[in-house]
Amino acid sequence: MKLQKTTFKPGSKIRLKDFDARSTSGTTKEEAIAMCEENTTAIDELSYRLYAENTRALLLVFQGMDTAGKDGAIRHVMRGVDAQAAEVHPFKKPSSLELDHDFLWRIHQKVPSKGNIGIFNRSHYEDVLVVRVHNLVSQNEWSTRYDRINDFEELLTDSGVTILKFFLHISKEEQLERLQARLDNPNKRWKFSTADLEERKLWDDYQAAYTDALNKCNTTHTPWHIICADRKWHRNLTISSIVRNTLEQMNPEYPPAEEGLEDIILT
């Protein structure tokens, strides 16, 4: 099954309106769930080899509008990975200590160590998204951050960190349905915030900010993957396929065992 193209050449014009958020890449829900199970099993084994090899790392970056499914995607795709080999870092409003440093300071501290998979639930891109939409810093400041982000990601890549960046693309209509579902379900109401409604009013501003981030930070070393995410099962299949393919291309290997172990007889 060939999935919809998610990456584009650096310098090509990316327009979110050209992507159908409800796309399923021609798969059925049943097919997608079965293939996703195969992917997560493979990811589990490959991530264990990466951990054992202990020479490289993998970083997954998740961005998207409220309700886009960042939590769900992380939970489904990474559920088989050993907890000691992976860690999730949510980046929320920066603390006063973090604000006293450059905007990448708190990010760099959470980059995965060798052998590990790091998962960013939101990331350094908040500093060209939220801060831009809400005018938290001047345009002169946030407009220079794209180049600094590209340099930072190139530094990590050169240091042995493979970076996968996922933008979960949902429609405004789907967001409304998900917000309503949260409000209607007592078990999900804890996830609902009136602040989400205020952010929803800024939908067009966020779409413009995301479009700039996708275009200006779509590089050869760290391209963006645009994931059509209205259908959660399609989202999970697409992301798990990309993670699996990336790990297969990395092809981590178990380190050699000590010499002479074949002569040991346990008693």
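Structure: above.
All of the points below concern the structure found in this document.

Among the surface-exposed residues, Tyr 48, Tyr 51 and Tyr 254 lie close enough to one another that they form a single nonpolar patch of about 320 Å² accessible area. You can see Tyr 48 is positioned in helix 1 (residues 29-53).

Moving on, we come to the nonpolar core. In this structure, Leu 58, Leu 60, Phe 62, Phe 166, Leu 168, Ile 239 and Val 243 are the most contacted members of the largest nonpolar core, which totals 62 residues. Discounting chain neighbours no more than four positions away, the residues touching Val 243 are Ile 43, Leu 58, Leu 60, Val 77, Leu 164 and Phe 166.

All right, on to the side chain of Ser 25 then. Inspection of the secondary structure assignment puts Ser 25 in the segment before helix 1. Here the side chain of Ser 25 touches His 234 through a polar contact of 2.7 Å, side chain to side chain.

The next point concerns the pairing of strand 4 (residues 161-169). Of all nine residues in strand 4, eight are buried, a share of seventy percent or more. As judged from the eight bridges shared by strand 1 (residues 57-64) and strand 4, these two strands associate in the parallel manner. In the strand pairing of strand 4, Leu 59 is matched with Ile 163. Two elements, strand 4 and strand 5 (residues 224-228), share five bridges in a ladder whose sense is parallel.

So, about the pattern of salt bridges. Any two side chains of opposite charge can pair if their charged atoms end up close together. With the rule as written, the count across this model stands at 18 salt bridges. Among the salt bridges present, the one from Arg 49 reaches Glu 45, with a minimum N-O distance of 3.3 Å. Note that Arg 49 and Glu 45 are positioned in helix 1 at a spacing of four residues, about one turn of the helix. Of the residues examined, Arg 49 reaches a relative accessible area of 15% and is grouped as buried. A relative accessible area of 36% places Glu 45 in the partly exposed class. The structure contains a network of salt bridges with shared partners spanning Arg 22, Glu 174, Arg 178 and Asp 230.

Where helix 2 (residues 70-77) meets helix 11 (residues 232-250), the closest approach of the two axes is 10 Å, and the angle between their N-to-C directions is 55°. Considering the angle they form, helix 2 stands oblique to helix 11. Where helix 2 crosses over helix 11, the two elements pack in a sense that is right-handed. In this structure, helix 2 contributes Gly 72, Ala 73, His 76 and Val 77 to the contact, and helix 11 contributes Arg 235, Asn 236, Ile 239, Ser 240 and Val 243.

Take a negative patch on the surface next. Residues Asp 147, Asp 151, Glu 154 and Asp 158 make up a contiguous surface patch of negative charge. Positionally, Asp 151 belongs in helix 7 (residues 145-158).

Let us now look at helix 11. Taking 1.5 Å of rise per residue, 19 residues should cover 27 Å, and helix 11 covers 27 Å from first to last C-alpha, within 8% of that figure. Among the 19 residues in helix 11, 14 count as buried, and that is most of the element. Two residues or fewer after helix 11 comes Asn 251, characterised by a positive phi angle close to 50°.

Here we come to the packing of aromatic side chains. Under the criterion given, the structure shown has seven aromatic pairs. Residues Phe 8 and Phe 19 carry aromatic rings whose centres are separated by 5.4 Å and whose planes lie at 80° to one another, so their mutual orientation is edge-to-face. Of this pair, Phe 8 sits in the segment before helix 1 while Phe 19 is found in the segment before helix 1, placing the two residues eleven residues apart along the sequence. The exposure class of Phe 8 is partly exposed, given its relative accessible area of 22%.

Thresholds, definitions, all that
- Position numbers for residues count from 1 along each chain, tracking the sequence in the order it is written.
- Totals for whole chains, interfaces and linings use every residue, but because this is a predicted model, local features are given only for residues with pLDDT of at least 70 and side-chain atom pairs only at 80 or more, for both listing and counting.
- To get the side-chain values, all heavy atoms of the structure are used, and hydrogens and water are removed first.
- Here, patches come from residues exposed beyond 30% relative accessible area and free of salt bridges, joined within 9 Å for like charges and within 5 Å for nonpolar side chains (Val, Leu, Ile, Met, Phe, Trp, Tyr).
- The Shrake-Rupley method, run with a 1.4 Å probe, gives the accessible areas here. Residue values count only the displayed protein chains as cover.
- The term salt bridge refers to a side-chain nitrogen of Lys or Arg lying within 4 Å of a carboxyl oxygen of Asp or Glu.
- Helix and strand definitions follow DSSP, with helices as H or I runs of at least four residues and strands as E runs of at least two, each counted in order from the N terminus.
- Nonpolar cores are built from buried Ala, Val, Leu, Ile, Met, Phe, Trp, Tyr and Cys residues. Side-chain atoms within 4.5 Å join them into one set.
- Accessible area is worked out with a 1.4 Å probe on protein chains only. A residue is then buried under 20% of its type maximum, exposed over 50%, and partly exposed in between.
- Throughout, a contact is declared for two residues whenever any of their heavy atoms are within 4.5 Å.
- Contacts described as polar in this section are N or O atom pairs within 3.5 Å, which, within protein, must combine one atom able to donate a hydrogen with one able to accept it, while residues neighboring in sequence count only if both atoms come from side chains.
- A pair of strands is treated as paired once DSSP finds two or more bridges between them.
- To obtain an axis, a line is fitted to C-alpha atoms, over the contacting stretch when the element is a helix, and the angle between two such axes runs from 0 to 180 degrees between their N-to-C directions.
- Angle categories are assigned with fixed cut-offs, so that under 35 degrees is roughly parallel, over 145 is roughly antiparallel, 65 to 115 is roughly perpendicular, and the rest are oblique.
- A clockwise turn of the near helix away from the far one marks a right-handed crossing, whereas an anticlockwise turn of less than a right angle marks a left-handed crossing.
- Only four residue types enter the tally: Lys and Arg on the positive side, Asp and Glu on the negative side; His and the chain ends are excluded.
- Where a charge lies is defined by one atom per residue type: Lys uses NZ, Arg uses CZ, Asp uses CG and Glu uses CD.
- Expected helix span is taken as 1.5 Å per residue step, with the number of steps being one fewer than the number of residues.
- The rule is short: rings of Phe, Tyr and Trp, with Trp giving its six-membered ring, pair when the centres are within 6.5 Å, and they are stacked under 30 degrees, edge-to-face over 60, tilted in between.

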